Every structure is written in structure tokens, then in C-alpha cells.
Amino acid sequence: MTWDQQEIRLAPRERGFHLITDEITRTLPVLRELDVGLLHLQLLHTSASLTLNENADPDVRHDLDAFLRDLVPGDLPYFRHTLEGPDDMPAHVAASLLGTQLTLAVRDGRLALGTWQGIWLGEHRDQGGGRRLIATLNGRRANGQ
């Protein structure tokens, strides 16, 4: 069995949802060597999220962002955590709703994703900055190791 762990640094992105599937797989060359396994992704931030969703139509990313902005607006009068700006507490709520971790199957050297599935980074701050992920791979190499 093979174990591999790497930190992936993502460039700053604007608020919204961003496909990061290719960026993640390019950073993990060991992935191509695995016959079967699991990839666990953990986002090291509390105001962004990870989610698995449709990767074909950009309207899906727009609509999910619009829905979250409506669901958790920045001007709720009962928010106390406001020192970091009006977008910070809503970002924490959105990250908690969507989550900051994903575990994905690996098969034949690739992520075993559905036809229209992709990994998205949900950036919930207006100026979130760079983001970091811990990627942990566990699996069996094609040669049986």
C-alpha cells in the first residue's frame, strides 16, 4: 500500500465557485500510479469550502453562489463576529454548510468521478486570498505494491 501526502497551494480567487479538479490532479503525480485507492482533500480554511458538483455548465456555479448569498446575506443583525468584515461570518456559515473536506475514489490512475462531476473550491470571501489543501492519497499501485 502506498501513502502520499502533499500540501497544495491555490492562487487567490474571486468570490464564487471555481473548478479545481485539474489543478489538484496535476499536483499529484502518484495518483497516476494507483490501481485503486482513496484521495482525501482537506481545506485548511474556515471561510471557503470544497464540494463535488457539475463541471459542465458554468450556470451551476453561478446559481449555487447566488443561492448561498441569498441564504446567508452579510447584513444579518445577529452576527457578532464582524471584526474581519461583513463577508467573514457569512463565509464561515457557507463553509460549514458545504464542508471543507472531500474523500474521492481512485481507479486506474484517475479520480473515479461521474461524467459531469468536478471538484469545486467555494470562495466565500470577497478577498479570501490564497488557499491551502492537504491531499492524502492511499492506495495500491498498479504493480501490486
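For the structure itself, look to the data block above.
Note that this is a predicted model, so its numbers are computed, not measured. (Residues numbered from 1 in each chain as written. Predicted model: local features only at pLDDT ≥ 70, side-chain atom pairs only at ≥ 80, totals over all residues. Heavy atoms only, no water.)

**Student:** How would you summarise the sheet that holds strand 2 (residues 16-19) if you had to cite specific residues and measurements?
**Tutor:** The strand order across the open sheet formed by 3 strands is 2-7-4, and the pairing between neighbours is antiparallel. Edge strands, defined here as strands with exactly one partner in the open sheet, are strand 2 and strand 4 (48-54). The sheet shows a mean angle of 35 degrees between the axes of neighbouring strands, direction not considered. Bridging between strand 4 and strand 7 (residues 117-123) involves 7 bridges; their strand directions are antiparallel. Residue pairing across strands places Leu-50 opposite Leu-121, the latter belonging to strand 7. (Pairing = 2+ DSSP bridges. Helix = DSSP H or I, 4+ residues; strand = E, 2+ residues; numbered from the N terminus. Axes fitted to C-alpha atoms, helices over the stretch in contact; angles between N-to-C directions.)

**Student:** Before we move on, can you summarise the sheet that holds strand 6 (residues 110-111) with the specific residues and values?
**Tutor:** Reading across from one edge, 1-8-3-5-6 is the order of the 5 strands in this open sheet, with antiparallel pairing throughout. The open sheet has two edge strands with one neighbour each: strand 1 (2-10) and strand 6. Sheet topology places strand 5 (residues 101-107) next to strand 6; 2 bridges connect them, and they run antiparallel. Bridge pairing links Val-106 to Leu-111 in strand 6.

**Student:** An account of the side chain of Glu-123 is requested, with residue identities and associated values reported.
**Tutor:** In this structure, Glu-123 sits in strand 7. What makes Glu-123 buried here is its relative accessible area of 0%. Reaching out from Glu-123, the side chain makes a polar contact with the backbone nitrogen of Arg-125 at a distance of 3.0 Å. (Buried < 20%, exposed > 50% of the residue type's maximum accessible area, 1.4 Å probe, protein only. Polar contact = N/O pair within 3.5 Å; in protein donor to acceptor, adjacent residues only side chain to side chain.)

**Student:** So what's going on with a nonpolar patch on the surface? Residues and values would help.
**Tutor:** On the surface, a nonpolar cluster with roughly 310 Å² of combined accessible area is contributed by Phe-67, Leu-71 and Leu-97. Within the secondary structure, Phe-67 is located in helix 2 (residues 58-71). (Patch = residues over 30% accessible without salt bridge, like charges linked within 9 Å, V, L, I, M, F, W, Y side chains within 5 Å. Areas by Shrake-Rupley, 256 points an atom, 1.4 Å probe, with all protein chains shown as cover. Salt bridge = Lys/Arg side-chain N within 4 Å of Asp/Glu carboxyl O.)

**Student:** An account of the pattern of salt bridges is requested, with residue identities and associated values reported.
**Tutor:** Once their charged atoms are close, side chains differing in charge can pair, the charge on each being opposite to the other. Per the counting criterion, the structure on display carries 10 salt bridges. For Asp-87, the salt bridge identified is with Arg-125, shortest N-O distance 3.0 Å. Of this pair, Asp-87 sits in the loop between helix 2 and helix 3 (88-98) while Arg-125 sits in the loop between strand 7 and strand 8 (131-141), and the two are 38 residues apart along the sequence. Relative accessible area serves as the criterion here: at 13%, Arg-125 is assigned to the buried category. Salt bridges sharing common partners tie together Glu-7, Arg-9 and Arg-132.

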